[in-house]
Amino acid sequence: MAVALLTIEILIPNSGSLKDKRSILKRIKDRSRNKFNISVAEVDFQEKWQRAKLAFATVSSDHKRAEETLQKLFEMLDSDYGFEIVQFKFEFI
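The structure reproduced in this document is the subject of the present report. Starting from 1, residues in each chain are numbered consecutively following that chain's sequence as written. Where totals are concerned, whole chains, interfaces and linings use all residues; where local detail is concerned, this predicted model gives features only for residues with pLDDT of at least 70, and gives and counts side-chain atom pairs only at 80 or more. With hydrogens and water excluded, all non-hydrogen atoms of the structure serve as input to the side-chain values.

**Some details on the pattern of salt bridges**
Here a salt bridge means any side-chain nitrogen of Lys or Arg lying within 4 Å of a carboxyl oxygen belonging to Asp or Glu. Tallying each qualifying case throughout the model produces six salt bridges. With a shortest N-O distance of 2.5 Å, Arg51 and Glu9 are connected by a salt bridge. Here Arg51 is found in strand S3 (residues 51-60), whereas its partner Glu9 is found in strand S1 (residues 2-11), with 42 residues between them in sequence. When a residue's accessible area, from a 1.4 Å probe over protein chains only, is under 20% of the maximum for its type it is buried; when over 50% it is exposed; and in between it is partly exposed. Owing to a relative accessible area of 32%, Arg51 belongs among the partly exposed residues under this scheme. In this structure Glu9 comes out as buried when scored by relative accessible area, which is 12%. Linking Lys26 and Asp30 is a salt bridge whose minimum nitrogen-to-oxygen distance equals 2.9 Å. Of the two residues, Lys26 and Asp30 both sit in helix H1 (residues 18-36), four residues apart, roughly one turn of that helix. Among the charged side chains, a network of salt bridges with common partners joins Lys21, Arg22 and Glu42. Strands are runs of DSSP state E lasting at least two residues, helices are runs of H or I lasting at least four, and both sets are numbered from the N terminus onward.

**Some words on the packing of aromatic side chains**
Pairing of aromatic rings covers Phe, Tyr and the six-membered ring of Trp, with a centre-to-centre limit of 6.5 Å; geometry is then stacked below 30 degrees between planes, edge-to-face above 60, and tilted otherwise. Throughout the structure, instances matching the rule amount to three aromatic pairs. Measuring from ring centre to ring centre gives 6.0 Å for Phe88 and Phe90, while their planes differ by 80°; the resulting arrangement is edge-to-face. Residue classification places Phe88 among the partly exposed residues on the basis of a relative accessible area of 44%. The class of Phe90 is partly exposed, set by a relative accessible area of 26%.

**Looking at the packing of H1 against helix H2 (residues 63-78)**
Lines are fitted to the C-alpha atoms to define the axes, a helix being fitted only along its stretch in contact, and any angle between axes, read from their N-to-C directions, falls within 0 to 180 degrees. Their axes nearest at 11 Å, the elements H1 and H2 cross at an angle of 145°. Taken as a pair, H1 and H2 cross one another with a handedness that is right-handed. Contacts from Ile28, Arg31, Ser32, Lys35 and Phe36 of H1 reach H2 at Thr69, Lys72, Leu73, Met76 and Leu77. Residues belonging to the contact of H1 with H2 are distributed by class as follows: five nonpolar, two polar and three charged. Note: crossing handedness is left-handed where the near helix turns anticlockwise from the far helix by less than a right angle, and right-handed where it turns clockwise. Only heavy atoms matter for contacts: two residues are in contact if any of them lie within 4.5 Å across the pair. Here the term charged refers only to Asp, Glu, Lys and Arg, the term nonpolar to Ala, Val, Leu, Ile, Met, Phe, Trp, Tyr, Cys and Pro, and the term polar to all other amino acids, Gly among them.

**A look at the sheet that holds strand S2 (residues 39-44)**
Any two strands with at least two DSSP bridges between them are considered paired. Strands sit in the order S2-S3-S1-S4 across an open sheet of four strands; the sheet is antiparallel. Edge strands, defined here as strands with exactly one partner in the open sheet, are S2 and strand S4 (84-92). Ignoring strand direction, the axes of neighbouring strands in this sheet form an average angle of 20°.

Spelled out as structure tokens, the structure:
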């Protein structure tokens, strides 16, 4: 069994309020859950308008499969033009 975690910190330059930020985060969470069947949560910067830290987790029967899932997720997130990934970290348990 393999557990994989991707943590990203993003900058949302066009967000002018927490409502704008929540809208973008909802889109990210929904797309990620629907496409990759993973868990996702906002883990930091909840009260900042233009920053967010998200954690994505997946469990798989093998390490390679978990890594592939998070890599594809990262590529999808990196190609989104509504925000910029400032920092990221992959972890495997």
